[in-house]
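Close look at the chain arrangement
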Amino acid sequence: MISQAIARRYARALLALGQEDGNIKKYGEELKAFTKVMANNEVTEALTNPIYPAETRRNILKAILAKMGLSKIMENFLGLLMDKMRIGHIEDINQYYQRLVDEVNNVQRATIFTAEPMGGDLEKEVRATLEKMTGKSIFLEVKTDPEIIGGIVAHVGDLTLDGSVKTQLHNLKEFLIKG
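Heads up: these notes are all about the structure in this document. (Residues numbered from 1 in each chain as written. Predicted model: local features only at pLDDT ≥ 70, side-chain atom pairs only at ≥ 80, totals over all residues. Heavy atoms only, no water.)

1. Brief notes about the overall build of the protein
Within the protein, the regular secondary structure consists of eight helices and four strands. Starting at the N terminus, the α and β elements of the protein follow one another as α-α-α-α-α-α-β-α-β-β-β-α. A compact globule built from 179 residues would reach a C-alpha radius of gyration of about 16 Å, whereas the protein, at 21 Å, exceeds it by more than 25%. C-alpha atoms of the protein, sized along the principal axes, occupy 70 × 35 × 30 Å. Looking at the protein as a whole, 33% of its 179 residues qualify as buried. Taking the contacts inside the protein whose residues are at least 6 apart along the sequence as the reference set, 64% of them involve residues at least 24 apart. Taking the average location of the 24 positive side-chain charges in the protein and that of its 24 negative ones, the two points are 5 Å from each other. (Helix = DSSP H or I, 4+ residues; strand = E, 2+ residues; numbered from the N terminus. Rg over C-alpha atoms; globule rule 2.2 N^0.38 Å. Buried < 20%, exposed > 50% of the residue type's maximum accessible area, 1.4 Å probe, protein only. Contact = heavy atoms within 4.5 Å. Lys, Arg positive; Asp, Glu negative; His and termini not counted. Charge placed at Lys NZ, Arg CZ, Asp CG, Glu CD.)

2. Here's the deal with the nonpolar core
Among the nonpolar cores identified, the biggest contains 29 residues, and F34, L47, F77, L78 and Y97 are the most heavily contacted of them. Contributing elements (two or more residues each) for this core: α1 (2–21), α2 (24–38), α3 (41–48), α4 (54–68), α5 (72–83) and α6 (90–104). Not counting residues within four places of it along the chain, the set of residues in contact with F77 comprises Y10, L14, L31 and I93. If you look at the next biggest cluster of nonpolar residues, it comprises nine residues, including M118, L130, L140 and A154. (Core = buried A, V, L, I, M, F, W, Y, C linked by side-chain atoms within 4.5 Å.)

3. Focus on the pairing of strand β4 (residues 159–162)
Bridge analysis of strand β3 (residues 152–156) against β4 gives four bridges, and the strand direction is antiparallel. By the bridge assignment for β4, H155 is matched with T160. Counting the residues that bridge the hairpin from β3 to β4 gives two residues, and of these G157 lies at a positive phi of roughly 60°. (Pairing = 2+ DSSP bridges.)

4. Notes on the packing of aromatic side chains
The relative placement of two aromatic rings is captured by the distance of their centres and the angle of their planes. With the rule as written, the count across this model stands at one aromatic pair. Look at Y10 and F77: their rings are 6.4 Å apart centre to centre, the planes differ by 70°, and that puts the pair in the edge-to-face class. One end of the pair, Y10, is in helix α1; the other, F77, is in helix α5, and 67 residues separate them in sequence. Looking at F77, the relative accessible area reads 5%, which means it is buried. Over the ring of F139 we find R109, and its NZ or CZ is 4.6 Å from the ring centre. (Phe/Tyr/Trp six-rings, centres within 6.5 Å; stacked < 30°, edge-to-face > 60°. Lys NZ or Arg CZ within 6 Å of the ring centre and 35° of its normal.)

In structure tokens form, the structure reads like this:
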């Protein structure tokens, strides 16, 4: 819970900077790239472990940033996270920032599960249907899950649309049990 509050605060601050100077997308890409670097456990340990002196951790961050060639705003942002001992929350900050960017761009992310890979035409139809339902552009992520047997399960924000054969069989079984 605390991590989400931290993520929200810093992501909103970065978004405000991006809106001010028109670099929302650039900052998102840079934040995503740095988050990938932080996915390395050794890097995370070096930057977040209080056993190491703060100056040493700061120098490690400076060396990483110099190699990455990020914008000055992003370097300052990551330096602030380091100074406030929030750099360990970078994954949550990145996720929240990406959600905020989607909201600004009127984009909704959706995950579709199918038993078999979908063809391009069916994917376009599903995207169009979800766009019509939500009134937003849809960024579609398609995954396969053989357990659903057939049909589609769609997760769009908080909404779940389950048209899978597995669920229909389960509902039929419940109906027959109840008599």
